[in-house]
Structures are given as C-alpha cells and as structure tokens.
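Residue-level structure breakdown
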There are 2 protein chains.
Amino acid sequence: MSPILLNGIGTVTDHSEYIEPKVPFKNPQIHVKNPHLDTMEEDILYHFNLGTKTHNLPEMFGDIKFVCVGGSANRMKSFAQFIHQELALPGNMDDVTDICEGTDRYSMYKVGPVLSISHGMGIPSISIMLHELIKLLHHARCIDFILFRIGTSGGVGLAPGTVVVTDKAVDCFFRAQFEQVVLGKVITRSTELDVGVSKELLQCSSELEDVPTIIGNTMCTSDFYEGQGRLDGALCSFSTEDKLEYLRKAYNTGVRNIEMESTVFAAMCRACGIKAAVVCVTLLNRFDGDQIATPHDVLVEYQQRPQVLVAHFIKKRLGLVV
Amino acid sequence: MSPILLNGIGTVTDHSEYIEPKVPFKNPQIHVKNPHLDTMEEDILYHFNLGTKTHNLPEMFGDIKFVCVGGSANRMKSFAQFIHQELALPGNMDDVTDICEGTDRYSMYKVGPVLSISHGMGIPSISIMLHELIKLLHHARCIDFILFRIGTSGGVGLAPGTVVVTDKAVDCFFRAQFEQVVLGKVITRSTELDVGVSKELLQCSSELEDVPTIIGNTMCTSDFYEGQGRLDGALCSFSTEDKLEYLRKAYNTGVRNIEMESTVFAAMCRACGIKAAVVCVTLLNRFDGDQIATPHDVLVEYQQRPQVLVAHFIKKRLGLVV
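The shown structure was predicted, so the numbers you read here are calculated from the model rather than taken from an experiment.

Here the focus is the overall build of chain A. Along its length, chain A carries seven helices and 12 strands. In summary, chain A has a C-alpha radius of gyration of 19 Å against a globular reference of 20 Å for 322 residues, a match within 12%. For chain A, the C-alpha atoms occupy an extent of roughly 60 × 50 × 35 Å along the three principal directions. Going through the 322 residues of chain A one by one, you find that 61% of them count as buried. Within chain A, contacts between residues separated by at least 24 positions form 77% of all contacts whose residues are at least 6 apart in sequence. By element, 50% of the accessible surface of chain A is carried by carbon and sulfur atoms, the whole surface being about 12,000 Å². Side-chain charges of chain A comprise 29 positive and 38 negative groups, with the mean position of each set lying 6 Å from the other.

Pasting the structure below:
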C-alpha cells in the first residue's frame, strides 16, 4: 500500500499530497445557515477549546473526508486507534492525542482524513457538539465529507449484537421529525438521512463476517428510563404490559432500535447539506428485558461492530480494499 | 478539629462513628417511586459500572449526607479535592479516585460524607445519572441528605461571575414545569426546589467574600445555540433584535440565568422527596454577547464560586464553622 492521503497524526498537511478517493462522492459544500457568522471577527468554539484566531483550522482540518462521532470518549479514542491501524498510517497508534485536551466536554482525534469525536449522551449534548463541529468544518473549508454516528442502542425485536443502519430517525411518537425550540417557538425539521450511504453500508456489511446488519428505523428519546419504557428506573408508573405494548407499537412502525441522539443528528446534517448516516449496535433486545447484564467482553465486541463496518466503508471509499 | 464524621477516602465506615450534623435537617426518606425495583434480584447501575450484587452499596455510600453534581468530570474531581481540603480529611487530596473508573459516562468521587459526580451536558444526560444516583442512594439506605447541582450558566442582566441560586427552574416557555414523555405520553412535573436550602445558601454567601449571589429563576433549555437565542451557532434564523426581545421577556418573568439541566433535576428530586438546590455561576451577560471570550483564569475563578459557596454550606451544617 502506498503512503497515500495520509499525513501523520498532528502534522500539517499540504492537501495536494492527497490522492482523491476512488469512488467520487459529492457532498455539496457545507451550508452553515447563519448570516451572523460572516460578521464575527473571531469564532470561539468554546466546547472544543478551539478558535479561528488561536488555531489554523484549514491547516488542521482541511483534509477531513470522514467524521465519526459517538457518545463515549474512550470509545472514540479506540476508534481513532483502530482507524490508524486499518489505514496503515505511519507512526504509533498509541500516540493519537486529544485535540480538545484543554476541555473535558468532548474528545477529538484526527487520523489521516478521519476525525473521531465524542458527543456525550442525549440530544442537547450532541447538538452543542454538532453546532461547533459544523462551524469547524466550515471554517476549515472542508468539502465532500461524510458524517457517521457510531453508537450503541437498545434493540426492538432483534438479537443483541445486531447493527442497525438507520432508515428514518423518529421521535418518541414515531414521527420522522425533530422539534427544535427557537426563541420559545417550536419549529420542525426533517430527519431524513442519506439513502445512498445507508445502502452502501449495508453492502459493506455483507462483505464482513460477524457484523449482522439491517436497515431499520431508529427511535430517539430524551430519556433512557421512562422515555424508553424501562421498568428499572428510579421512577416508573407503568406495567410490564404497558411497556410491551409501546415496544410493539414501535416495532410495527418499523422501529428496530432506540437511542438518544439520532433525530437531532439527522436534522442538523440535513439542514446543513451534510451526507450522514447513523450506525448503532443493539446491546440487548428490549422485549426480553431492560438491564444491560451482558458480560463486559461481549459488550466490547458488540461495540466494535459499527466501528468495523464504518472502517470498511472508509477503506472502500479510499480504494484500500476492493 | 476532632476526627469526626470523616472516614478516609475509599475506606469502609461504621456509621456509628459519625457525629450528627449540628443543624438537624430532615429529608424524608428517599422515595424511589418504582414498585418493580423490589422484584429485581439484582440492579445493575449500568452507567456507573456499579451494581447491587457486585458492590456493597450501603457500606460504600451509607454515610453520604451531601451529593454535589456538575457537568464536567474535571470540575467534579477538583471539587472533591477542594472538599477534602476544606473538611481537613485525613490522607492526600490528590488520591481521590473515580468510583466509576470502569466507565467514562460519569465520574464519581467520595470524600467523607460528600459525593461528587459529573453529569455531562443537557437534560437526558443528567436524567440518566439521576435515575441511577437515586437508586444508588436508595440501595445504600441513605437518609437526610441534600443534593446540589453546581454548574455554569449564561447570565441574563447580571455581571459575569454572579452566582444564581435557583428560585424556580423554568422551561424555554418560562413555565415552572418539566415535561416528561412516558411511553409516548407527555406528563408534567413540578420543578419546585427547597426554599429553606436556597435561603440558607444566600445567607452563606453573605458570610463569604467574592461570591456575589442572588436568588432568581433559572431557565433550562435543550439547546445551547438556537434554544438560548445565540447568534453564533451553525444555524441561526433570527435577528439580534429577536434575540434581545426573547432575553428581555425572560428577564421580565424573573429569569436571571440559563442552563441546560435544572428543570429535570428539580422535577426528579421533588418526585423522589429529595431536598435539592441549583447553584450556577454566570460566565457572561447574554445581553452583551453570546461567545464565552473571558480569559481562562477568570473563568476558572468564576467556576470555583458555586464550589466555595456549597463547601461553606456543608461546613456550617457539619458544625465546622460557626
């Protein structure tokens, strides 16, 4: 394999060194939809501890082609190390350093053309990260990139360990929309994701062993316990039958997994013209229970499946595998 | 000072060693409102990496009298070290260890009768933590404790650095309530906090230098940018005047600061009969801007103010200061 595309970690790259991805993909240029940004002398990306005056964002990030986000900081560090290995980048994978090390709100790692960022849990947490990420990519003049959320979820009628590539991201009323409150007024945004990327991910999964994958709807809730019909929270006012009825309704509308970030992720990416996909593994089948009691090593293996799938996608796009 | 109450970090304590707090306070026993919990053989607190079968929760946590939660893991570690120093506990404050070190979802530190836990950003993130914290305190048979959120916020018409003790936690429509979706149905919970604790905190602030403190309403939003009327997000469809009008409306209803966790914190504590208070410092005055451009060392000093105030409250309750 030739030393294509691949700058070392933390080094500055001349973009002309890059070989174009083998499969061309056109992401229309990122559309930051905010006229005020042009009037700002400086933009401080507070929760990343980065800024346009203190950092040369085009130099640091201009070559990004794939952005992968996930809840856990440790997991996104592991993913960066895994990608480093998979892309056979120069240098030691243990040397990846957190670009956001001045803050503990998020962690960020860059390995070649791949950016790996943690987003914490829930819609508000990922939304802060996405606002600052989208501005970062805008300031860095990135084009033609794809954004993936790789995460964990509860399964609805699936064997634990199944990977769900999201067709529609739906809210807790099974609607494919995201309600955003702007200055005390509710506005509604579409949560449609990129069909082409989803299909390509499904194709990738068929080329891998041990990454059972389906396409299905993903329900996004603002609560892990009452909001997802769990019987084991500090508060619970419903019966087992009520819970199962809700899960059956969800299943019948096409929901195959439940997590806590997909609607705002899909809505913001769509509003800004970013190609995006959601790829989550199910840790349990919610028809069978609520507690995550699976042994730690099995959970670790499950959590690697979305990483393996997206890594395969990236390698194919870069022409590193046929 | 006698070696009262104060077990070392991580050691097991015979509760009978404890001297009762000087000022008696009655928190009615914690009410976990979930009949299903009694039927469970084991309760795995997944996001803490703790469980009732794997850990002796009464031994580890039975002596807790003060629980302090805040967004940032680093800040909550600093707070634990600060409390260690303030209570003159035996051992080295640098030795505080993360009880949740098996997971990176939350961090937890125990110093004597004080538990310090991070909760990440936004309602869903703090809500997962609170469900598991309330179950933890229930399993540990803790009684008569107080729960504080110590955090950061945007100020509304206040000088940066002002500490706001929350009177009412209100939503983005200025209503003192929290809407929780349970199995696809919206239920409404009161966000009333403990008036006595708030007043006692205000009294404490008057005994300290450099901790300017007021009591006011706190608005809790699910979004940091559009939801709080910021002009500097990736998406913004409103004018400066629209923003200022919204902030003026908020001010006129008594809102003095804006953050992202207080309504669910107040609602869950109230539902479970836990005395609770929200104490946040303002990092900027939102009438003057949106970006947090204050120098790092000034922000660090601001962020210590809620810690200093709550530490003083704790010391008074324990009879360590008059």
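To continue, consider the interface of chain B and chain A. Often the size quoted for an interface is simply the accessible area lost on bringing the parts together. In this assembly, 70 residues from chain B lie in contact with 70 residues from chain A. In total, chain B and chain A occlude about 5,800 Å² of area from one another, counting both sides; carbon and sulfur atoms represent 59% of this. Area buried by chain B at its contact with chain A is led by Met121, Leu183 and Ala234 of chain B, which between them contribute 14% of it. Where chain B touches chain A, the interface holds two salt bridges. Across the chain B-chain A interface, the total number found is 30 residue pairs in polar contact (both at pLDDT 80 or more). Those elements giving two or more residues to the side of chain B that touches chain A turn out to be helix H2 (73-86), helix H3 (123-139), strand E8 (177-182), strand E9 (185-190), helix H5 (240-252), helix H6 (262-271) and helix H7 (296-317) of chain B. For the side of chain B that touches chain A, the leading source of residues is H3 of chain B, giving nine residues. A class-by-class count of the residues in the side of chain B that touches chain A yields 35 nonpolar, 21 polar and 14 charged.

Turning our eyes to something else, we now look at the environment of Asp63 of chain A. Residue and element names in this part refer to chain A. Note that Asp63 resides in the loop between helix H1 (57-61) and strand E3 (66-70). By relative accessible area, which is 5% here, Asp63 ends up buried. Along the primary structure Asp63 and His296 are separated by 233 residues, whereas in three dimensions their C-alpha atoms are 36 Å apart. Within the structure, the side chain of Asp63 is placed 3.0 Å from the side chain of Lys110, a separation counted as a polar contact.

Right, let's get into the pattern of salt bridges. For the structure on display, the rule yields 32 salt bridges over all chains. Glu261 of chain B is paired through a salt bridge with Arg149 of chain B; the nearest N and O atoms lie 3.0 Å apart. Placement of the pair is Glu261 of chain B in the loop between strand E11 (255-259) and H6 and Arg149 of chain B in strand E6 (residues 146-155), with a sequence separation of 112 residues. Here the residues in one salt-bridge network are Arg149, Glu259 and Glu261 of chain A, joined through shared partners.

Let's shift gears to the relation of the copies chain B and chain A. When chain B is fitted to chain A, the residual RMSD is 0.0 Å, and the transformation amounts to a turn of 180° plus an axial shift of 0.0 Å. Interpreted geometrically, this transformation is the action of a two-fold axis. By residue overlap, the copies meet face to face through one surface: 100% of the interface positions of chain B are interface positions in chain A.

Residues annotated by UniProt as "domain: Nucleoside phosphorylase" (unreviewed entry) correspond here to residues 65-315 of chain A. Each end of residues 65-315 of chain A is marked by a C-alpha atom, and these two atoms are 12 Å apart; helix forms 34% of the span and strand 27%.

So, on to the UniProt feature "binding site: phosphate" (unreviewed entry) in chain A. The UniProt record marks Arg105, Arg149, Ile150, Gly151 and Thr152 of chain A with the feature "binding site: phosphate" (unreviewed entry), using the residue numbering of this structure. Residue position: Arg105 of chain A is located in the loop between helix H2 (73-86) and strand E4 (108-111). The partly exposed category is assigned to Arg105 of chain A, whose relative accessible area is 22%. In this view, Arg105 of chain A contacts His47 of chain A together with Gly71, Ser72, Arg75, Met121 and Thr152 of chain B; residues no more than four positions away in its chain are not counted. For Thr152 of chain A, the position within the fold is in strand E6 (residues 146-155). Note on Thr152 of chain A: relative accessible area 17%, which makes it buried. Excluding anything up to four places from it in sequence, Thr152 of chain A contacts Arg75, Glu259, Cys280, Val281, Leu283 and Gln303 of chain A together with Arg105 of chain B.

Moving on: the pairing of strand E12 (residues 275-285) of chain A. Residue and element names in this part refer to chain A. Taken across its 11 residues, E12 has 10 buried, putting it largely inside the fold. Here nine bridges tie E6 to E12, and the two strands are oriented parallel to one another. Within the sheet, the bridge partner assigned to Ser153 lies in E12 and is Thr282. Taken together, the three bridges between strand E7 (residues 163-170) and E12 define a ladder with antiparallel strand orientation.

Here Ser125 of chain B is to be found in helix H3. By relative accessible area, Ser125 of chain B is classed as buried at 3%. Among the polar contacts made by the side chain of Ser125 of chain B, one reaches the main-chain carbonyl oxygen of His119 of chain B at a distance of 2.7 Å. Among all residues touching Ser125 of chain B, those that are not within four sequence positions of it are Met121 of chain A together with Tyr106, His119 and Gly120 of chain B.

Another point: the confidence of the model for chain A. Residue and element names in this part refer to chain A. Per-residue confidence for chain A averages 91 on the pLDDT scale, and 91% of its residues sit at or above 70. Below pLDDT 50 for its whole length, residues 1-28 participates in 57 contacts with residues either more than four positions away or in separate chains. The ipTM for the predicted assembly is 0.91, set against a pTM of 0.91.

All names here are of chain B. Running from amino to carboxyl end, helix H4 (residues 195-206) crosses H7 at an angle of 105°, the nearest separation of the two axes being 9 Å. With respect to each other, H4 and H7 are oriented roughly perpendicular. Listed contacts from H7 to Val197, Glu200, Leu201, Gln203, Cys204 and Ser205 of H4 are Leu309, Val310, His312, Phe313, Lys316 and Arg317.

Here we take up the environment of Ala311 of chain B. Residue and element names in this part refer to chain B. The residue Ala311 is located in helix H7 in this model. Along the chain, Ala311 and Leu45 lie 266 residues apart, while their C-alpha atoms are 28 Å from each other. When near neighbours in sequence (up to four residues on either side) are disregarded, Ala311 contacts Phe82, Ile83 and Glu86.

On inspection of all chains with the given rule, the structure shows nine aromatic pairs over all chains. Taking the ring centre of Tyr251 of chain A as reference, the NZ or CZ of Arg256 of chain A above it sits at 3.6 Å.

Let's shift gears to helix H7 (residues 296-317) of chain A. Three or four residues apart is the spacing at which side chains of an α-helix point the same way, because the helix has 3.6 residues per turn. Residues and elements named next belong to chain A. Over its 22 residues, H7 extends 33 Å from the first C-alpha to the last, a length consistent with the 32 Å expected when each residue adds 1.5 Å. Helix geometry: H7 is bent most strongly at Arg305, by close to 25°, with proline Pro306 lying one to four residues after it. Downstream of H7 by a residue or two, Gly319 has a phi angle that is positive, lying close to 75°.

How each quantity is defined
Residues numbered from 1 in each chain as written. Chains lettered and ligands numbered in written order. Predicted model: local features only at pLDDT ≥ 70, side-chain atom pairs only at ≥ 80, totals over all residues. Heavy atoms only, no water. Helix = DSSP H or I, 4+ residues; strand = E, 2+ residues; numbered from the N terminus. Rg over C-alpha atoms; globule rule 2.2 N^0.38 Å. Buried < 20%, exposed > 50% of the residue type's maximum accessible area, 1.4 Å probe, protein only. Contact = heavy atoms within 4.5 Å. Areas by Shrake-Rupley, 256 points an atom, 1.4 Å probe, with all protein chains shown as cover. Lys, Arg positive; Asp, Glu negative; His and termini not counted. Charge placed at Lys NZ, Arg CZ, Asp CG, Glu CD. Buried area = accessible area lost by both parts, 1.4 Å probe. Salt bridge = Lys/Arg side-chain N within 4 Å of Asp/Glu carboxyl O. Polar contact = N/O pair within 3.5 Å; in protein donor to acceptor, adjacent residues only side chain to side chain. Nonpolar A, V, L, I, M, F, W, Y, C, P; charged D, E, K, R; others polar. Least-squares fit on C-alpha atoms with pLDDT ≥ 70 in both. UniProt positions renumbered as here; feature names shortened; annotations may be inferred. Pairing = 2+ DSSP bridges. pLDDT = per-residue confidence, 0-100. Axes fitted to C-alpha atoms, helices over the stretch in contact; angles between N-to-C directions. Parallel < 35°, antiparallel > 145°, perpendicular 65-115°, else oblique. Phe/Tyr/Trp six-rings, centres within 6.5 Å; stacked < 30°, edge-to-face > 60°. Lys NZ or Arg CZ within 6 Å of the ring centre and 35° of its normal. Expected span 1.5 Å × (residues − 1). Bend = angle between axes of the 7 residues up to and from the residue.

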